[in-house]
Amino acid sequence: MNKAPVRVLVVDDEERLRRSLVSFMEDEGFQVFSASSGEEALAMLPDTPVDVGIIDMRLTGMDGNDFIVAAHQAIPTMRFLIFTGSSDYRIPAVLRAIGIDQEHLFRKPLPDMGVLAEAVRREYRAGIGGCE
Amino acid sequence: MGLAPQQHDHLPGSKTLLLVVLATALLMLGGTYGYFRYEMASMREQHFGAISSVAELKAAQIHQWRLERIGDTQLNPKSWFFREALVEWQRKPDDDRLRRAFEEGLKLYETAYGYEDALLLSPDGTLLASSHPDPIPVQAETMRVFEIALREKDSRLSEFYLMPDGSAHIDVMGPVLDAAGKTLAMVLLRSDAATYLYPLIQTWPVPSHSAETFLIMRDGGEAVYLSELKLEPGSALTKRVPLSNTELPAVRAALGEAGRIQAPDYRGVEVLADWRAVPGTTWYLIAKVDASELLAETRYRTGAVGLVSLLCVLIVAITARLIHRRRQSELFAELYSSEREQREAEAQFRLILYSIGDGVITADCNARVSKLNAVAESLTGWAQEEALGKPITEVFRIVHAETRQPVECPVHRVLREGVVVGLANHTALLSKNGPEYQIADSGAPIRGEDGGITGVVLVFRDVTEEYARQRELAQMRSLLQNTLDSMPSALVAVDAQGQVIQHNMRAMAWASGAQGSAIDAPLEQAFPLLSRQLERVREAVATREVMEETKIPMVTDGETRYHNVTVFPLTENGVVGAVIRVDDVTDRVHLEEMMVQSEKLNSIGSLAAGMAHEINNPLGIMLQSAQNVVRRFSPDLEANRRVAEECGVSLAQVRRYCEEREIFAFIEDIREGGSRASAIVSNMLQFSRRSESRMQPASLPELIERTLDLASHDYDLKKKFDFRHVEIVRDYEEGLPLVPLIVTEIEQVILNILKNGAQAMSEGGTVLAADGVTHERPRFGIRVYAAGEFGAIDIEDNGPGMPEAVRRRIFEPFFTTKPVGSGTGLGLSVSYMIVINTHGGLLDVKSEPGRGTKFMVRLPLRRAGE
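Below is a summary of the structure that appears in this document. (Residues numbered from 1 in each chain as written. Chains lettered and ligands numbered in written order. Predicted model: local features only at pLDDT ≥ 70, side-chain atom pairs only at ≥ 80, totals over all residues. Heavy atoms only, no water.)

This part covers the overall build of chain B. Looking only at helices and strands, one finds 24 helices and 30 strands in chain B. Taken along the three principal axes of its C-alpha coordinates, chain B extends 270 × 60 × 50 Å. Expressed as a percentage of its 866 residues, the buried residues of chain B come to 42%. When contacts within chain B are restricted to residue pairs at least 6 apart in sequence, long-range pairs at least 24 apart make up 56% of them. Across chain B, 93 positive and 117 negative side-chain charges occur, with their mean positions spaced 2 Å apart. (Helix = DSSP H or I, 4+ residues; strand = E, 2+ residues; numbered from the N terminus. Buried < 20%, exposed > 50% of the residue type's maximum accessible area, 1.4 Å probe, protein only. Contact = heavy atoms within 4.5 Å. Lys, Arg positive; Asp, Glu negative; His and termini not counted. Charge placed at Lys NZ, Arg CZ, Asp CG, Glu CD.)

Attention shifts here to the interface of chain A and chain B. One frequently used descriptor of interface size is the decrease in accessible area upon assembly of the parts. Taken together, the contact pairs 22 residues of chain A with 23 residues of chain B. Taking both partners together, chain A and chain B bury about 2000 Å²; carbon and sulfur atoms supply 47% of that area. The three residues of chain A that bury the most area against chain B are D27, P109 and P111 of chain A, which together make up 30% of that side's buried surface. Where chain A packs against chain B, one counts three salt bridges. In this structure, R631 of chain B and E28 of chain A form a salt bridge, with 2.6 Å as the shortest nitrogen-oxygen distance. The biggest single contributor to the side of chain A that touches chain B is helix α1 (residues 15–27) of chain A, with seven residues. Its residues assigned to classes, the side of chain A that touches chain B comprises eight nonpolar, six polar and eight charged. (Buried area = accessible area lost by both parts, 1.4 Å probe. Salt bridge = Lys/Arg side-chain N within 4 Å of Asp/Glu carboxyl O. Nonpolar A, V, L, I, M, F, W, Y, C, P; charged D, E, K, R; others polar.)

Moving on: the pairing of strand β5 (residues 168–177) of chain B. Residue and element names in this part refer to chain B. The buried fraction of β5 amounts to nine of the ten residues, a majority that puts the element mostly inside the structure. With two bridges connecting them, strand β3 (residues 156–157) and β5 associate as antiparallel partners. What sits directly across from L157, in β5, is V172. Here strand β4 (residues 161–162) runs beside β5; their pairing, made up of two bridges, is antiparallel. Residue pairing in the sheet places Y161 in a bridge with H169 of β5. In sequence, β4 turns back onto β5 through a hairpin of five residues, with G166 there showing a positive phi of about 95 degrees. (Pairing = 2+ DSSP bridges.)

Turning our eyes to something else, we now look at the pairing of strand β8 (residues 222–225) of chain B. All names here are of chain B. Bridging between strand β7 (residues 212–219) and β8 involves four bridges; their strand directions are antiparallel. Within β8, the position partnered with I216 by the bridge is Y225. Linking β7 to β8, which pair antiparallel, is a turn of two residues; within it G220 sits at a positive phi near 70 degrees. Bridging between β8 and strand β9 (residues 240–242) involves three bridges; their strand directions are antiparallel. Paired with A223 across the strands is V241, a residue of β9.

In short, the description is geometric, and any link to function would need to be established separately.
Structure follows, in structure tokens:
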């Protein structure tokens, strides 16, 4: 654990929610970046490569799905967790195609963000395994 | 049955009448007889007169004839010429000229007076001359008279005599005297009696076939018939009868009496006869006529009179008879009339009997056929002649139409019991010729006058068609009743007065059962629950419009059921009334309730789905922030301690403060509230329809067992209710097919139901304990079985149950009887949504206060569209 910290990207247009999530993740010891929209995040990516993204789906501008597709193209090693308040959200086929399924899906509100932190770690480990 | 015998003898006056008739008859006959006698006597007298006249005439004629004959003998001989010539010839006997002159003279005699022979004899009897040469010699009888005439010197007639050839002759002779009175010769004239005399005697002045006159003469002890009998030729001088036979008229005449007599004659035939002496002779003339000829007319007349008398008698008798009859008919008019009426009635009865076309067989007291009418002949196939005397069972063969067993002949029963035997149903007559007829028969005894049975009359008719029609009618009726009974509705037909005319099976559920049959009973008695429909019936009849009232709640056996009542007016075909149709629409009402419920929940679901995102985000902020707050007080984080020290406080102090001021508790409250709101939202989201299919075949018993295990570990449940103390009565049907379902959702449903029941039982238990009643151990009865197209789960508790008002609202969202805060109020409504909408099943609840609650889950065994 002495290595470079896990880099986490939080994309959410709801500032207070983003802030609490960022705070939690930082407390967990991750290096956390955040963006309020997909476009902003995509702009960040080339300069700030991240390991795991926690992505809200309902965003102003491009939605979460489009972002993930674009981000995956930009950084194929990047892992994604979906964090949405939409009860009727279903994982579309394009995302399933890049390995995103039910275990990557988390719904708001989450009484304990610990489960999300665990998922980040799991994905990070998996990403390393996958890359190396 | 016969007529009363005619009782003439007992009729008053009939005897008198008979006497009158007899007297008349006697009188008439007596009169006739008297007339006959008188007539006969008078006729006889008259005839005797006639006969006497004839006889007298005849006698006179004969006398005259005799005188003429005498005269004939005196004419020439007394002439001078004749005397002189004879004297001359006596002197010259050989003078042929004289001989010839005499012979010519005799010839002249013969031809002039019609004699057969004329002879001239000498007094010694020697033939001198004759009219014919060689005449037949003078017969001996004539010679006696010859002597007398010679002595007396006078002319004489001889007696009749027979010539040698048998013909009767009579001679007359007279002397030829000379001037001195000396006899010179005798002239003898011979005549054949048959030539003149006999016809003279025999002729009768009037035509008569039996009238007869003849001469008779006594000759010694005999009477001899002198003349030829008209009726017995050749009798002259040969027929003789002894004088002793005095009955004969001839004998009486011969005996010398003049007189008349009615007596049998020589032929033995009754004759009227008259006889008298012929003057100057010993002859008697007898004239006679057959009595039968003379009296024939009298007899005829008497006969006619007799006939007339008889006719009169007959007329009298007939008149008497008629009078008698008339009197009789008058006397017995009433009897006749009544008898006629009886006959007419009888005839009419018979006519009716025969014309109605019934078969009629009569049998004697030995049950043998005595009569068949035409219809009976055609039905039995037996002709009257061949059936006669046959045992009735042979001719009238009957069996039970269905069982085919022989049926006892009514004739035998009538004979045995002496009663009229009525119609036997289902009797089939087996005709001799093969066909079979369904018949209705009856037998009645025929009684004699003494009241004893003399026979049996059997009347029957062909009811084959009638039965077929009845059967058809019964079938129609049965079909109609079956149709009515198979209707899902209760149907009651009433007339305008409200009396029940007809009802179907289902209506019996509404019947009071007070009376045996509801038919014809007033509606309010037979179907008290429908009594308030009477007004509607009247209205429907009056307006001819269908009246309808829907969803009328009625409580029966503590259960509220809903009914639609429709009243159809009956105005067709003269029937005035109405049909009341009652439909139990409880299930439909429930279904409608369910649909409403489901729709309600659905709208909540779509609402929730629409706003879930907007609510979840703030909830996320709350919960995440609260978590962060708690974490940032945690000593576990290095940063917390560092920052606290930089602020001049120790983390421990801060934590102590927060605990003192219950900060952590408040934060926990925020978290709890947020979580609850979050649960509500997620529950609400389940109301929305989701087509997503995650169904998989599952075993209901396994699912239930898993849920029971889950329930026993449920934290919230454990707080109030220990599942270890609850009795679970399982009734799982074996071989139940797997049911397609979403396992987690159905688990949730079962869990919700169990939670609801557990909660209720925990309350009920307290109530029971407070009442001092023995605490009943909480019990769940769980039954799993297949119910038609559904897999069924019934979960029954022995809790306090619930009133109808609660029961009806139990699936409504946010409806709860639990204390505020103890639940979301959505558990059962979510379960409802899961079962109804997601799984296409049914969820219902039955409950009554004090009797526990029963939830019924029905899940389709096959998914729709599969």
